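# Coordinate inspection notes
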Amino acid sequence: MNLETVETLLQSSKGAALQDLIKQSLISPSIFHYESILTHASVKALEESPDTKKYYNVLKLFAYGTVTDYRKDKEVIGWELNDAESQKLKLLSIITLASQYHEVAYDSLLEMIGFESYQKLEEVLISGITTGIISGKMDQERKIFYVTSTIGRDVQLSDLSKMTEMTEAWATKTKGILVETVNMQKNEAAQEAKVKNDEKLLNEEIRSVKEALKLEQENRKSGMFTAKADTSEKFIRKDTIDI
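Keep in mind the model is a prediction, meaning the values are calculated, not measured. (Residues numbered from 1 in each chain as written. Predicted model: local features only at pLDDT ≥ 70, side-chain atom pairs only at ≥ 80, totals over all residues. Heavy atoms only, no water.)

### Here we look at the overall build of the chain
A count of helical and extended segments in the chain gives 10 helices and three strands. Secondary structure of the chain in N-to-C order comes out as α-α-α-α-α-α-α-β-α-α-β-β-α. In the chain, which comprises 243 residues, the share counted as buried stands at 26%. For the chain, long-range pairs separated by at least 24 residues make up 57% of all intrachain contacts whose partners lie at least 6 apart in sequence. Looking at the chain as shown, the accessible area adds up to about 16,900 Å², and 54% of this sits on carbon and sulfur atoms. (Helix = DSSP H or I, 4+ residues; strand = E, 2+ residues; numbered from the N terminus. Buried < 20%, exposed > 50% of the residue type's maximum accessible area, 1.4 Å probe, protein only. Contact = heavy atoms within 4.5 Å. Areas by Shrake-Rupley, 256 points an atom, 1.4 Å probe, with all protein chains shown as cover.)

Okay, here's the thing in structure tokens:
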């Protein structure tokens, strides 16, 4: 059952049928946003009655809350989660953490969300990765989950200011990273240009030295020939002497 089906059935569901529909939505593997269900008129009406308020409360928990919120307000919520619902809320809680941090330690997840073991945690992470709601890499050796991306969750109006602050902080950080990257690229380009220039100067120096050596060799050869010519002029053949 997907969100569109639930929204359609809400138009005609009342009483026990409405309550059963809410229960199904909680454990649906394709529903991760509950605000449209929570704000529907027939669901909002459940809040008015002490007997049905728990249905509204648990929907609100799944829309905005985490396992920590459930532990803290369990009596107020008035709902005992079954295993399937508990697993779903744990996955929603991971989404919340994954949207706030790039790296999440296994031990932090065990403590905050309440997994019994690393194996149970990894099973939920794999479930999230398989359904496409989160992506990342599980480092089983270091016990860290590296977050690549995650879907968003429903946001209450009271949380908008906090979301704005987080967005501004993210924008500032991203801008800083961009500036740093550009500066690094400029430095690399300048260094590369310097290396090329140094190489050019070295080649020119080598060429100059080679030309100087060649010229010196030519001068030496020319000097030897001149010396031989001068020597031959100092001696007169015997048959040319007049007696």
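That covers the picture; the talk isn't over yet.
### Things to note about the environment of Leu10
Secondary-structure assignment places Leu10 in the loop between helix 1 (3-9) and helix 2 (15-27). Separated by 31 residues in the primary sequence, Leu10 and Ala41 place their C-alpha atoms 9.1 Å from one another. Residues contacting Leu10, with those up to four places away along its chain left out, are Leu18, Leu21, Ile37, His40, Ser42 and Val43.

### With respect to the pairing of strand 2 (residues 134-139)
Looking at chain direction, strand 2 and strand 3 (residues 144-150) are connected through six bridges and run antiparallel. The partner of Asp139 across the bridge, within strand 3, is Ile144. Taking the residues between adjacent antiparallel strands as the criterion, strand 2 and strand 3 are bridged by four residues, where Lys143 takes a positive phi near 60°. (Pairing = 2+ DSSP bridges.)

### Considerations on helix 9 (residues 118-131)
Given 3.6 residues to a turn, an α-helix orients residues that are three or four positions apart in the same direction. Between its first and last C-alpha atoms helix 9 spans 20 Å; for 14 residues at 1.5 Å apiece the expected length is 20 Å, and the two agree. Among all positions in helix 9, only Leu121, Glu122, Val124, Leu125 and Gly128 are buried. Each buried residue of helix 9 lies within a common arc of 160° when the element is viewed along its axis, so the set occupies one face. Opposite its buried face, helix 9 presents the exposed residues Gln119 and Thr130, each directed more than 90 degrees away. (Expected span 1.5 Å × (residues − 1). Arc of directions from axis to C-beta.)

### Re unusual backbone geometry
Excluding glycine, a negative phi dihedral is what most residues carry, and trans is how most peptide bonds are arranged. The backbone of Lys143 shows a phi angle near 60°, a positive value even though the residue is not glycine. Checked against the element boundaries, Lys143 lands in the loop between strand 2 and strand 3.

### Some thoughts on helix 7 (residues 83-98)
Compared with an ideal rise of 1.5 Å per residue, which puts 16 residues at 22 Å, helix 7 spans 22 Å between its outermost C-alpha atoms and is within 8% of the ideal. Helix 7 sits mainly inside the fold: 12 of its 16 residues count as buried. Measuring from the side-chain oxygen of the N-cap residue of helix 7 to the backbone nitrogen of Ala84 gives 3.2 Å; that N-cap residue is Asn82. (Polar contact = N/O pair within 3.5 Å; in protein donor to acceptor, adjacent residues only side chain to side chain.)

### Details of the packing of helix 7 against helix 9
Interhelical geometry of helix 7 versus helix 9 gives an angle of 75° and a closest axis separation of 10 Å. Classified by the interaxial angle, the pair formed by helix 7 and helix 9 is roughly perpendicular. Residues Gln87, Leu91 and Ile94 of helix 7 pack against Leu121, Val124, Leu125, Ser127 and Gly128 of helix 9. Its residues assigned to classes, the contact of helix 7 with helix 9 shows five nonpolar, three polar and no charged. (Axes fitted to C-alpha atoms, helices over the stretch in contact; angles between N-to-C directions. Parallel < 35°, antiparallel > 145°, perpendicular 65-115°, else oblique. Nonpolar A, V, L, I, M, F, W, Y, C, P; charged D, E, K, R; others polar.)

### Describing the packing of aromatic side chains
The full count for this structure, using the stated rule, is three aromatic pairs. On the numbers, 5.8 Å between centres and 85° between planes, the contact of Tyr34 with Phe62 is edge-to-face. Pair noted here: Tyr34 is in the loop between helix 2 and helix 3 (35-38) and Phe62 is in helix 5 (residues 53-64), with a separation of 28 residues, a long-range link. For the pair shown, Tyr34 and Phe62 are each scored as buried. Ring geometry for Tyr106 versus Tyr118: centroids 5.8 Å apart, planes at 45°, classification tilted. Remark: Tyr118 occurs in helix 9 and Tyr106 occurs in helix 8 (residues 106-113); sequence separation between them is 12 residues. For Tyr106, a relative accessible area of 0% corresponds to the buried category. On the basis of relative accessibility, which here comes to 31%, the residue Tyr118 falls in the partly exposed class. Looking at Lys143, its charged tip hangs above the ring of Tyr118, at a distance of 5.2 Å from the centre. (Phe/Tyr/Trp six-rings, centres within 6.5 Å; stacked < 30°, edge-to-face > 60°. Lys NZ or Arg CZ within 6 Å of the ring centre and 35° of its normal.)

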